[in-house]
Structure formats: C-alpha cells, structure tokens
Amino acid sequence: MNQTFMKEKKVIPLVFSMSMPMVLSMLVNSLFNIVDSYFVAKVSEAAMTALSLVYPAQLVVTAVSVGFGVGINVLIAFYMGAASLGTALSLLHGILTTVVYRIIMPHFLGMFTTDSEVLGLGIVYANIAFAFAPIVTVGITYEKIFQAVGRMKVSMISMMVGFIANIILDPLMIFGIGPFPRMETAGAAWATGIGQVLTLLCYFGFYFCRPIPVKINLQNVKWDSAIAGRLYSVGVPAALNMALSSVLLSVINGILSVFGQGYVLVFGAYYKLQSFIYLPVSGIIQGIRPLVGYNYGAGEHKRVTHIFYTALVMAVVIMTAGTILCWAVPGWLIGLFTTNPDTIVLGIDALRMISLGFIISAVSVTCQGALEGLGKGTPSLVISLARYLFLIIPAAFILSRVMQSASGVWIAFPVTEVIAAVISVWVYKRRHHDTEG
C-alpha cells in the first residue's frame, strides 16, 4: 500500500483526515453507556447507582478486547494467520469473561454497596450484559482488522447501526412500551446487547460483501505459538494501559462509598460524561500514531513535531469545549442521570471541580500518543500509571480524609493532571531527543 501521502500531504488536513473517522467512532462508542444511563436514571437512583458500579467491570472487557485487537492490528501485516487465530482467541476471551463475571459479580458489587436493592439490580444488569461479552470481543476484533486495512468508515457505520438500535430499544425495553414487557435495568442490558449484535452483523456484512485483503477462517484455524506469543506481547500491555481506568473507577468508588451512595452515582455519571470528551481526543491520538511513526521512520522529525502540536491544539479545543459545558450547564448534565435535587447539587460541585483539569490533561494524552507512535510504549505506560494510579488514588484518599468530604476526591483530579502534564512533557522531550539522537 502506498503511504507516501503521510509525509507529503499538508499536516493539518492530514491529521484531520486520519483522525475524524476515529473521532466519530469514539463519540458513538461513548454514547452507548450514556444512553443506557439516561433512561435507567428515569427508573430510580438505585438503578443508576447499580449501573455505575458495574461500569468498571465493563471497561475491563473493552480494555482486553481493544488491547488484544491492537495486537491483531499490528501483526496481520506480518503473519497470514494472525487474523484468524486472533479472532478465535478473542472469542475465547469473551466466553471466559462471561463465565468468570457470572461467578464474581455478586462479590465485586458487594465490595461497594450494602444496599440490597442496588446489589440486586446490578447483578441482573451484569448477568445479561456480560452474556454478550463474546459478541463484544469479536466485534472489536473486526473493528481493528478493518482499521488495519484502511477501512475506518466501516467501523463508524457499523457502530452507528448498533447505537441507533440501542437508542430505539432502550425506552421500549426499559419502560415496557409496545410489545415489550417493562424490564428496567434488564431492558437496558438487553438493548445494549442487541445493539452490539447488530454492530457485529454489520461487520460480517461488509466482510462478505466487500472483501478485504485479510481473510478470517475460524473453521481451519491453526494454533501457532509464535503468533499467539506476539499477539499477547503486544496486546497485554495495551490492555493493561486501558484497564487502568477501570482500576481507578473501582478504587474511587470505594473511597466515595464512605460518604454515601449519592457520590458513587455522581462519579459514575461524571465518568460517562467525560468519555464523551476524552474518547474523541483518543480518536485524534489513534489518528496521529501511524503518522508519527511513518514520518519518524522517514526522517521527517520537524514534521513529527508539527503533527504533535496540531494534535495537541485539537485536543485542547475539545477539552476547552468540555470545560465550558461543565461550568455553563452542570445541572443539566447531571440531570441526565438523576432527578434527585440533592444529588444534582453534589454533581454540580463535582463537575466544576474535576473539569478544571480537562485542558491541561490534553498535554499528557497527546504526549502518550506521540510516544506510542515513536515506538516508546513503556514511557507512555508510565504516564498512564502516574495519572491513573500513582498520583490520583493517593491524592484522592489523602485529600478526602484531610477535607473530610468528597470534595477532596474531586480536587485530586485537576491536581493530578497538572503534575502529570509536567511529567509527560519531561518524558516526551527526553524520549524524543533520544529517538532523534
């Protein structure tokens, strides 16, 4: 495939053309959980809290699927059997996830709540949602395979089909409209699962109707230790990097549960709202990774710097828009997930304090993407560990205890982003200098 356009096309149009399909896909992906939560919040606060507690476990499934999908994405250019074996292993991961989560979810949810209603609703939702885990893992695998051959619009279209189905089915199945019985949280899980099935069917349709160079044959898949080893060597670090947000969610839920279930609901609502901001930025980062790698390999170091700053400006613009929204209409945003006026007041304070770190966080996120494009995965992981574990969790725990309120948790986020940005710039400059040298 001729890729010289990566070093010949003007940088700003190039970054836009590579990033926009991914940005749109990420926006659709973020809306899946937001839509579920919006309708479930109309049922009860207990139902919304249950979804907030299950959400970290859902993120683990996504992290494992995307991380392993990245490994497939990287290796299919070098190994003919990588796509088939990778798809088979992804299916196995999904089946194992369904079994394991079925066993552990009551114990996992019990770590964060003693409310029997919340616990029961969470288990009902989780049992149905994770039954679709094999669909999710295989669907994400196809997404990465289509991206690897340059068919990014297929991902966007397929995800849109699933998302639209989810929007239509959520109110029908949650509230029992038309031919459906009232299923509440179970209805939300079924609506999302059916949407995911339709997304996968779209991938199948594109695969068979508009063939791609990569062939997937599960009937004659053969075990190859070398390929499997390479898939996991690439996929595991990528999955761990993404799974850090799940660890953060679970730990922060534990800290907040001391102050009351309302704070857990608020944090769950915030995290789904922030995905609508951070996931598009992640789309930009996915778009620049191959551009940074190609131009670095071609010796175009000034162009690499131009790509970096273009992506940084785009990320800052998105983060600024998110900050403005959180300060201008925080009550409306939290009101999407609860009708309780007391909880909305808690949410307004949380959004305004946490959003103070949005703009500066663009620095860390862009540095990570550029480092990964340069082949420096370990420094990128160090930045993630700093943001999600080593800085935010101790800061949230200490500040919440010093202030004796959940405000300490909210303030820990912007404090962490400032420190992480300084670390990121230092790491990026050092590693970029080493690479050029």
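Residues numbered from 1 in each chain as written. Predicted model: local features only at pLDDT ≥ 70, side-chain atom pairs only at ≥ 80, totals over all residues. Heavy atoms only, no water.

### Focus: the overall build of the chain
Here comes step 1: Scanning the chain for helices and strands turns up 17 helices and zero strands.
Here comes step 2: Taking 437 residues into account, the globule formula puts the C-alpha radius of gyration at 22 Å, and the chain, at 21 Å, falls close to it.
Here comes step 3: With the principal axes as the frame, the chain shows a C-alpha extent of 55 × 50 × 35 Å.
Here comes step 4: Here the chain holds 437 residues, and 54% of them are scored as buried.
Here comes step 5: Within the chain, contacts between residues separated by at least 24 positions form 80% of all contacts whose residues are at least 6 apart in sequence.
Here comes step 6: Just so you have it, the chain exposes about 18,300 Å², and 69% of that area is on carbon and sulfur atoms.
Here comes step 7: A gap of 12 Å separates the mean positions of the 24 positive and 16 negative side-chain charges of the chain. (Helix = DSSP H or I, 4+ residues; strand = E, 2+ residues; numbered from the N terminus. Rg over C-alpha atoms; globule rule 2.2 N^0.38 Å. Buried < 20%, exposed > 50% of the residue type's maximum accessible area, 1.4 Å probe, protein only. Contact = heavy atoms within 4.5 Å. Areas by Shrake-Rupley, 256 points an atom, 1.4 Å probe, with all protein chains shown as cover. Lys, Arg positive; Asp, Glu negative; His and termini not counted. Charge placed at Lys NZ, Arg CZ, Asp CG, Glu CD.)

### A closer look at the packing of helix 10 (residues 261-297) against helix 14 (residues 358-373)
Here comes step 1: Remark: helix 10 packs on helix 14, axes separated minimally by 9 Å, with the N-to-C direction vectors making an angle of 35°. The two elements helix 10 and helix 14 meet at a crossing, and its hand is right-handed. Each of Tyr270, Ile277, Tyr278, Val281, Ile285, Ile288, Arg289, Val292 and Gly293 in helix 10 lies in contact with helix 14, whose residues at this interface are Phe358, Ser361, Val365, Thr366, Gly369, Ala370, Glu372 and Gly373.
Here comes step 2: Split into classes, the residues belonging to the contact of helix 10 with helix 14 amount to 10 nonpolar, five polar and two charged. (Axes fitted to C-alpha atoms, helices over the stretch in contact; angles between N-to-C directions. Left-handed = near helix turned anticlockwise from the far one by under 90°. Nonpolar A, V, L, I, M, F, W, Y, C, P; charged D, E, K, R; others polar.)

### Comments concerning the pattern of salt bridges
Here comes step 1: Under the counting rule described, the total for this entry stands at three salt bridges.
Here comes step 2: A salt bridge links Glu143 to Lys144, with the nearest nitrogen and oxygen atoms 3.9 Å apart. Comparing Glu143 with Lys144, the two get one shared label, buried. (Salt bridge = Lys/Arg side-chain N within 4 Å of Asp/Glu carboxyl O.)

### Digging into a nonpolar patch on the surface
Here comes step 1: A cluster of nonpolar side chains, namely Leu91, Ile95, Val99, Val100, Ile103 and Ile104, defines an oily patch on the protein surface of about 480 Å² accessible area.
Here comes step 2: Within the secondary structure, Ile104 sits in helix 4 (residues 82-110).
Here comes step 3: Assessed through its relative accessible area of 35%, Ile104 is described here as partly exposed. (Patch = residues over 30% accessible without salt bridge, like charges linked within 9 Å, V, L, I, M, F, W, Y side chains within 5 Å.)

### Some words on unusual backbone geometry
Here comes step 1: Positive phi, close to 55°, is recorded for Glu184, a residue that is not glycine.
Here comes step 2: Take Glu184: it is sitting in the loop between helix 7 (152-175) and helix 8 (185-209).
Here comes step 3: The class of Glu184 is partly exposed, set by a relative accessible area of 27%.
Here comes step 4: The backbone of Gln404 sits at a positive phi, close to 55°, despite the residue not being glycine.
Here comes step 5: By secondary structure assignment, the location of Gln404 is in the loop between helix 16 (392-403) and helix 17 (407-436).

### What to know about the packing of aromatic side chains
In this description, an aromatic ring pair is defined by two values, namely the gap between the centres and the angle between the planes.
Here comes step 1: One pass over the full model with this rule turns up 19 aromatic pairs.
Here comes step 2: Plain terms: the ring middles of Phe132 and Trp190 are 5.7 Å apart, the flat faces sit at 85° to each other, and that makes the pair edge-to-face. You can see Phe132 sitting in the loop between helix 5 (116-129) and helix 6 (133-148) and its partner Trp190 sitting in helix 8, a full 58 residues away along the chain.
Here comes step 3: A relative accessible area of 11% places Phe132 in the buried class.
Here comes step 4: Of the residues examined, Trp190 reaches a relative accessible area of 38% and is grouped as partly exposed.
Here comes step 5: Centre to centre, the rings of Phe267 and Trp410 are 6.3 Å apart; their planes meet at 25°, and the pair counts as stacked. (Phe/Tyr/Trp six-rings, centres within 6.5 Å; stacked < 30°, edge-to-face > 60°.)

### Things to note about the packing of helix 7 against helix 8
Here comes step 1: Between helix 7 and helix 8, the shortest axis-to-axis distance is 7 Å and the interhelical angle comes to 155°. When the interaxial angle is binned, helix 7 and helix 8 end up roughly antiparallel. Seen along the crossing, helix 7 lies across helix 8 with a hand that is right-handed.
Here comes step 2: For the contact of helix 7 with helix 8, the class distribution of residues is 16 nonpolar, eight polar and one charged. (Parallel < 35°, antiparallel > 145°, perpendicular 65-115°, else oblique.)

### Some points on helix 10
Here comes step 1: Over its 37 residues, helix 10 extends 51 Å from the first C-alpha to the last, a length consistent with the 54 Å expected when each residue adds 1.5 Å.
Here comes step 2: Phe276 marks the point of greatest bend in helix 10, at about 35°, and the proline Pro280 comes within the next four residues.
Here comes step 3: Among the 37 residues of helix 10, 26 are classified as buried, and the element is accordingly described as predominantly covered. (Expected span 1.5 Å × (residues − 1). Bend = angle between axes of the 7 residues up to and from the residue.)

### Overview of the nonpolar core
Here comes step 1: Formed by 130 residues in total, the largest nonpolar core has its most connected members in Met105, Leu256, Phe267, Tyr271 and Trp410.
Here comes step 2: It is helix 10 that contributes the most residues to this core, 17 residues altogether.
Here comes step 3: In this structure, Phe267 is in contact with Leu249, Ile252, Asn253, Leu256, Trp410 and Phe413, ignoring residues within four places of it in sequence. (Core = buried A, V, L, I, M, F, W, Y, C linked by side-chain atoms within 4.5 Å.)

### Things to note about the side chain of Ser65
Here comes step 1: As for its position among the elements, Ser65 is in helix 3 (residues 45-75).
Here comes step 2: Here Val61 takes part through its backbone oxygen, which lies 2.7 Å from a polar atom of the side chain of Ser65.
Here comes step 3: In this structure Ser65 touches Val136, Thr137 and Ile140, once residues within four positions along its chain are discounted. (Polar contact = N/O pair within 3.5 Å; in protein donor to acceptor, adjacent residues only side chain to side chain.)

### Description of the confidence of the model for the chain
Detailed reading of the predicted coordinates is not advisable wherever pLDDT falls low.
Here comes step 1: The pLDDT averaged across the chain works out to 86; a share of 95% of its residues lies at or above 70.
Here comes step 2: Averaged pLDDT values over the elements of the chain bottom out at 59 in helix 1 (residues 5-8) and peak at 95 in helix 16. (pLDDT = per-residue confidence, 0-100.)

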